[in-house]
Amino acid sequence: MNIYEELGVPVIINAKGPATRLSGALMVPEVVQAMAEAAEHCVDIAGLQAAAGRRIAGATGAEAGYVTSGAAAGLLLATAACVARLDPARMARLPHTSGMAREVVMVRSQRNFYDHAVRTAGIRLVEAGLPDRYAGAGVRDVQVWELEEAISTKTAAVFYVADRFAQPPLSDVVRVAHAAGVPVIVDAAAQLPPASNLKRFITQGADLVAFSGGKAIGGPQATGILAGRRDLIMSAACQHLDFDILEEQWQPPEDLIDRSRLKGVPRSGIGRPCKVGREDIAGLMKALELFLAESDEARHARWLEAVRAIATDLEGLNGVSARISGAEDVSAVPTVELKISPSASLGALELAIRLQNADPSVHVDPTCSDRGSLHINPMCLTADQAPQVAAAVRSALQ
Ligand SMILES: *Cc1c(COP(=O)(O)O)cnc(C)c1O
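These numbers were taken from a predicted model, which means no experiment stands behind them.

To continue, consider the environment of Ala-166. As for its placement among the helices and strands, Ala-166 is situated in the loop between strand E5 (155-161) and helix H8 (170-179). Classification of Ala-166 by relative accessible area gives buried; the value is 15%. In this structure, the C-alpha to C-alpha distance between Ala-166 and Val-142, residues 24 residues apart in sequence, is 10.0 Å.

Here you go:
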């Protein structure tokens, strides 16, 4: 009996990709092994974070790095770092921010439910600009001058959500923020692949960047990476680590925390509830190593093989056509696009729900269901599950 059988929880077929509600990415045996080894010994957790931070710095080109309990936790820590900086008294006061520069500016069209993590630090979110292209009433997104106008002496940070089509471009946002002496935090949670994006946002001038560890990197579900400026990573660590320690005993790793820059030993801070275990750090480091060792081309070819097999299995269905999207672009995740014709006996969303209620339950990506399409994402499918997806689609259509 496996642990899920023991717990009485059915295993699903995840053709949606590494979504948190569907338990994130699959971990390869090497990652599981690293976690199991980590569980068998105790270490100083700050020392382990410092070692991981050096690897993250190497992978991202940033000055420093840190392991968080997810990209969203990284956003909370990043915001707390930009507000409290290196002052333990301010750290201890969060989420109360009166008397501090406490506004975080963000492009209005980038608002999304993950910005709750930013707001959790106690800041006031300031939405900038008028994205009229989304209403269909106009053609423009937020303009750089609108963002510039929203930045003031009260601004602690500018928050930017990275995406292929994000506007204005990050480099323009960095330019106006840095001109005002304000750091830029980037949510790049799902911006991998391509692997080059690990470095891209730092190269474009971001001060802190958050990635998910449990998506394309293939690490433990509850992990993330925060990379960026050394002083800000130090502040994040000071607001995340456990500080149940006597001052005389405190010997933090110097490259993570420079004690001479602090007026005292911090108290456990606002990030302490988002704790990260040694197994998580070890698993993420192994996953990151493997992610970097595999080229985008090899990863893409592996996924393409799976989606081709599924698309072939789905040929000749009535009312549904299967086509591969993202086959040419190695920086994209190839998927099978199931296009349901208007004359079919059921709609796209109806098909998705029927698949979800099948046994075993199959979850596909319904993002484009309002346009009559479903996507089958290969990232979280095991080799034996790929044929089961096609079989489930066939039987759902009957
Ligand atoms: C997934 C995601 C997050 C949250 O990442 P976790 O690692 O699950 O905390 C935040 N922002 C965006 C844009 C995401 O896609």
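Right, let's get into the sheet that holds strand E10 (residues 335-340). Strand order in the open sheet formed by 3 strands is E9-E10-E12, with antiparallel pairing between adjacent strands. This sheet does not close on itself; its edge strands, each paired only once, are strand E9 (320-325) and strand E12 (373-376). The mean inter-strand angle of the sheet, taken between neighbouring strand axes irrespective of direction, is 25°. In terms of strand pairing, E9 meets E10 through 6 bridges, oriented antiparallel. Note on E10: the bridge partner recorded for Arg-323 is Glu-337. Each of E9, E10 and E12 touches helix H12 (residues 296-313); the most contacted strand, E9, lies at about 165° to it.

Assigned domains of the protein chain: these are domain 1 (3-20 + 295-397) and domain 2 (42-293). Its C-alpha centre places domain 1 at a distance of 33 Å from the equivalent point of domain 2. Contact with domain 1, which involves 11 residues of that partner, is made by 10 residues of domain 2. Put simply, domain 1 and domain 2 have 1 salt bridge between them.

So, how was this worked out
- Residues numbered from 1 in each chain as written.
- Predicted model: local features only at pLDDT ≥ 70, side-chain atom pairs only at ≥ 80, totals over all residues.
- Heavy atoms only, no water.
- Helix = DSSP H or I, 4+ residues; strand = E, 2+ residues; numbered from the N terminus.
- Buried < 20%, exposed > 50% of the residue type's maximum accessible area, 1.4 Å probe, protein only.
- Pairing = 2+ DSSP bridges.
- Axes fitted to C-alpha atoms, helices over the stretch in contact; angles between N-to-C directions.
- Contact = heavy atoms within 4.5 Å.
- Domains from an automatic or database assignment.
- Salt bridge = Lys/Arg side-chain N within 4 Å of Asp/Glu carboxyl O.

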